[in-house]
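A look at the structure
Listed below are the residues making up each chain.
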Amino acid sequence: MTGIIEVENLSKQYGSGTKALSDVSLSINEGEIIALLGPNGAGKTTLISIICGLVVPTGGTVRVGGHDIRTDWRAARKLIGLVPQEITLEPFETVMNCVRFTRGLYGEGPDDAYIEQILRSLSLWDKRDAATKELSGGMKRRVLIAKALAHRPKILFLDEPTAGVDVALRRGMWQVVEELRREGVTIILTTHYLEEAEAMADRVGVINKGQLLLVKPTAELMGEFGKKTLTIELD
Ligand code: ATP
């Protein structure tokens, strides 16, 4: 079966310096949730940035929904929503307008009923008229998700969605992901936390020093290593 995302022999060297990815191959099925787990500098953001068409690889191929990301970028990009690690929002805009604006960027016409549905599912409806600068960090992250969903993508990338948020908000984020799973959205998230991968993902890919060390069903990985004795060498 061909996955909704097919990555083959991907490599990336930034300039003449860091080799950020080495020969990474990965197939992701439609509707699947996959967590990319690894320490700082492992290559997680580089991998998802290449799949999203934002960084050009040194070698290898990426197909998204059957579209080659290099030659058929527009068609591939329509299928993708990206929630970046950095919080970048229009500070003086209301939550509602932020999401409307993003929808327009994708060439989609207005659909406030759909935006209401997204904002309600992210518990943001009560904040729809608030300026984004007034929101807490956790709420801002939810607005980023709402923006990423504005054009109804089939695939959502979450780059460290819970970095810097407290335990309660982290669990809230897990619930959001669970809801999106029920809607059939394919989700790729990056994380430093094994417990987060366990809570959300069907499969976990462990990445370190630019290499995808393994990809396994979460239950299998947890069964092999157990929470307390995970001994994969990550430095
Ligand atoms: P983190 O968990 O800290 O976000 P990561 O796993 O997402 O890390 P990347 O951001 O992909 O890792 O970085 C992989 C390597 O590539 C690192 O050594 C990083 O310094 C380097 N790198 C990333 N972006 C660039 C860039 N634009 N120019 C040069 N080197 C870069």
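Every value quoted in this text rests on a predicted model; they were computed, and no experiment measured them.

On inspection of all chains with the given rule, the structure shows zero disulfides. Its sulfur unpaired, cysteine 52 is 20 Å from the next cysteine sulfur, which belongs to cysteine 98. Overall, the relative accessible area of 0% leaves cysteine 98 in the buried class.

Moving on, we get to helix H3 (residues 95-105). Three or more residues of H3 are buried, namely Val95, Met96, Cys98, Val99, Thr102 and Arg103. Projected down its long axis, H3 shows its buried positions confined to an angular sector of 165°, all on one face. Buried positions along H3 lie against helix H4 (112-121) and helix H5 (137-149). Looking one or two residues beyond H3, the residue adopting positive phi is glycine 107, at roughly 75°.

A word on unusual backbone geometry. Positive phi outside glycine occurs at asparagine 9, with the angle close to 50°. With a relative accessible area of 43%, asparagine 9 lands in the partly exposed category.

Before going further, it helps to spend a moment on the side chain of arginine 142. Among the structural elements, arginine 142 can be located in helix H5. For the buried arginine 142, no salt bridge is present, and the opposite-charge side chain at shortest range is glutamate 179, 8.6 Å distant. There is a polar contact of 2.8 Å between the side chain of arginine 142 and the backbone oxygen of leucine 122. Every residue in contact with arginine 142, bar those within four places of it in the chain, is listed here: Leu122, Ser123, Leu124, Gly172, Met173 and Val176.

As a further point, take the sheet that holds strand E5 (residues 67-68). What holds strands together in a sheet is hydrogen bonding between their backbones, with the strands either parallel or antiparallel. Taken in spatial order, the four strands of this open sheet run E2-E1-E4-E5, and their pairing is antiparallel. Each of the sheet's edge strands pairs with one partner strand only, and the pair in question is strand E2 (19-28) and E5. As judged from the five bridges shared by strand E1 (residues 5-13) and strand E4 (residues 59-64), these two strands associate in the antiparallel manner. Across the sheet, the residue bridging to glutamate 8 is threonine 61, located in E4.

The subject of this paragraph is the pattern of salt bridges. For the structure shown, the criterion picks out 10 salt bridges. Between lysine 147 and glutamate 90 there is a salt bridge, and its shortest N-O distance comes to 3.2 Å. Of this pair, lysine 147 sits in helix H5 while glutamate 90 is found in the loop between strand E6 (80-83) and H3, placing the two residues 57 residues apart along the sequence. A residue is classified by how much of its surface remains accessible, and lysine 147, at 10% relative accessible area, is buried. Given the relative accessible area of 25%, glutamate 90 is considered partly exposed. A salt bridge links glutamate 108 to arginine 103; its shortest N-O distance comes to 4.0 Å. Its relative accessible area of 29% is what places glutamate 108 among the partly exposed residues. By sharing partners, the salt bridges in this structure join Lys78, Arg103 and Glu108 into a single network.

Procedures and definitions
- Residues numbered from 1 in each chain as written.
- Predicted model: local features only at pLDDT ≥ 70, side-chain atom pairs only at ≥ 80, totals over all residues.
- Heavy atoms only, no water.
- Disulfide = S-S within 2.5 Å.
- Buried < 20%, exposed > 50% of the residue type's maximum accessible area, 1.4 Å probe, protein only.
- Helix = DSSP H or I, 4+ residues; strand = E, 2+ residues; numbered from the N terminus.
- Arc of directions from axis to C-beta.
- Contact = heavy atoms within 4.5 Å.
- Lys, Arg positive; Asp, Glu negative; His and termini not counted.
- Salt bridge = Lys/Arg side-chain N within 4 Å of Asp/Glu carboxyl O.
- Polar contact = N/O pair within 3.5 Å; in protein donor to acceptor, adjacent residues only side chain to side chain.
- Pairing = 2+ DSSP bridges.

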